[in-house]
Amino acid sequence: MAYYPHPIIAREGWLHIAIAFSAALGALFLVGWLWSIPFWVIAFFVLQFFRDPPREVPSNRNAILAPADGRIVAVEKTQDPYLEREAVKISVFMNVFNVHSNRSPIDGEIRDKWYFPGKFVNADLPKASLENERNALWIKADNGADVTCVQVAGLIAKRILCQVSPGDHMTRGQRFGFIRFGSRVDVYLPLNTKINVNIGDKVSATLTILAEFREE
């Protein structure tokens with residue numbers, strides 16, 4: 001497995017984890033073991049939420065990888081509102097038990113980046129793609145194809161984190177961001193892309209091949 005330069009518990013969660021376990025320890029000393037159980041449940045929930053395991057990158061060079069863990073909630077031909085083109089959109093919905101680090105679906109250069117403040121409706125709903133807080137990346141694939149990858153906040157997600165900027169080059173499976181507490185990621189692909197997933201499928205970031213570029 002390739003070197004993964006990130007701790008298995010994401011840095012984005014260290015403060016939250018420290019607060020949760022401090023509250024649990026405080027409850028243990030103040031009210032005893034029995035009454036502190038809910039605090040320990042919350043603390044271990046927060047700990048599991050911020051896990052960030054390394055993943056093996058598939059060798060298929062035409063593969064477009066899942067950018068997040070979760071369930072496929074949309075596979076449809078639609079308008080890419082960022083590049084103003086017809087595209088195929090694949091949406092991955094992450095619940096609070098999924099790994100929430102986001103990883104690049106392709107090898108390519110970040111050509112542009114857009115952030116939009118917005119609502120926090122249930123990320124499982126179609127309208128979340130255009131109404132919720134979101135951060136979009138235009139990635140120019142090494143083969144010349146255009147891919148738009150959009151982090152979308154969810155019902156209780158209050159922070160989208162993205163650590164890449166225009167001009168950066170990403171490799172498939174590279175970690176580029178994190179969304180706290182429930183969300184979705186939309187990927188807009190060229191119309192001639194071969195789609196490998198269906199609505200309802202469960203996918204794993206980097207490990208699952210969402211789609212494949214067709215050979216020219």
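Refer to the structure printed above.
Keep in mind it's a predicted model, so treat the numbers as computed, not measured.

What counts and what doesn't
Residues numbered from 1 in each chain as written. Predicted model: local features only at pLDDT ≥ 70, side-chain atom pairs only at ≥ 80, totals over all residues. Heavy atoms only, no water. Core = buried A, V, L, I, M, F, W, Y, C linked by side-chain atoms within 4.5 Å. Buried < 20%, exposed > 50% of the residue type's maximum accessible area, 1.4 Å probe, protein only. Helix = DSSP H or I, 4+ residues; strand = E, 2+ residues; numbered from the N terminus. Contact = heavy atoms within 4.5 Å. Pairing = 2+ DSSP bridges. Salt bridge = Lys/Arg side-chain N within 4 Å of Asp/Glu carboxyl O. Expected span 1.5 Å × (residues − 1).

(A) Highlighting the nonpolar core. If you look at the biggest cluster of nonpolar residues, it comprises 30 residues, and the most contacted ones within it are Leu137 and Leu210. Put simply, the parts of the chain that give this core at least two residues each are strand 3 (85-94), strand 6 (134-141), strand 7 (146-153), strand 8 (160-162), strand 10 (175-179), strand 11 (183-189) and strand 14 (209-212). Contacts of Leu210, omitting those with residues within four sequence positions, involve Ile64, Leu65, Ala66, Pro67, Ile72, Ile90, Ile195, Asn196, Val197 and Val203. Core analysis: the next-biggest nonpolar cluster, separate from the first, contains 11 residues, Ala24, Trp40, Phe49 and Leu161 among them.

(B) Local environment of the sheet that holds strand 3. Spatially, 8 strands are ordered 9-5-6-7-11-3-2-13 in an open sheet, and the strand pairing comes out antiparallel. For this open sheet the edge positions go to strand 9 (169-170) and strand 13 (202-203), each flanked by a neighbour on one side alone. Judged from the 2 bridges that link them, strand 5 (residues 108-116) and strand 9 form a sheet pairing that is antiparallel. The residue of strand 9 that forms the bridge with Glu109 is His169.

(C) Just the pattern of salt bridges, in detail. Within the structure shown, the criterion is met by 12 salt bridges. Between Lys140 and Asp146 there is a salt bridge, and its shortest N-O distance comes to 2.8 Å. Close ionic contact of Lys194 with Glu212 constitutes a salt bridge, the shortest N to O distance being 3.9 Å. One end of the pair, Lys194, is in strand 12 (residues 194-195); the other, Glu212, is in strand 14, and 18 residues separate them in sequence. Judged by its relative accessible area of 38%, Lys194 falls in the partly exposed class.

(D) Just helix 2 (residues 33-49), in detail. Helix length check: helix 2, at 17 residues, gives a terminal C-alpha distance of 24 Å against a target of 24 Å (1.5 Å per residue), a fit within 8%. Along helix 2, the residues that are buried comprise Ser36, Trp40, Ala43, Val46 and Phe49. Along its buried surface, helix 2 packs onto helix 1 (14-31) and strand 10.

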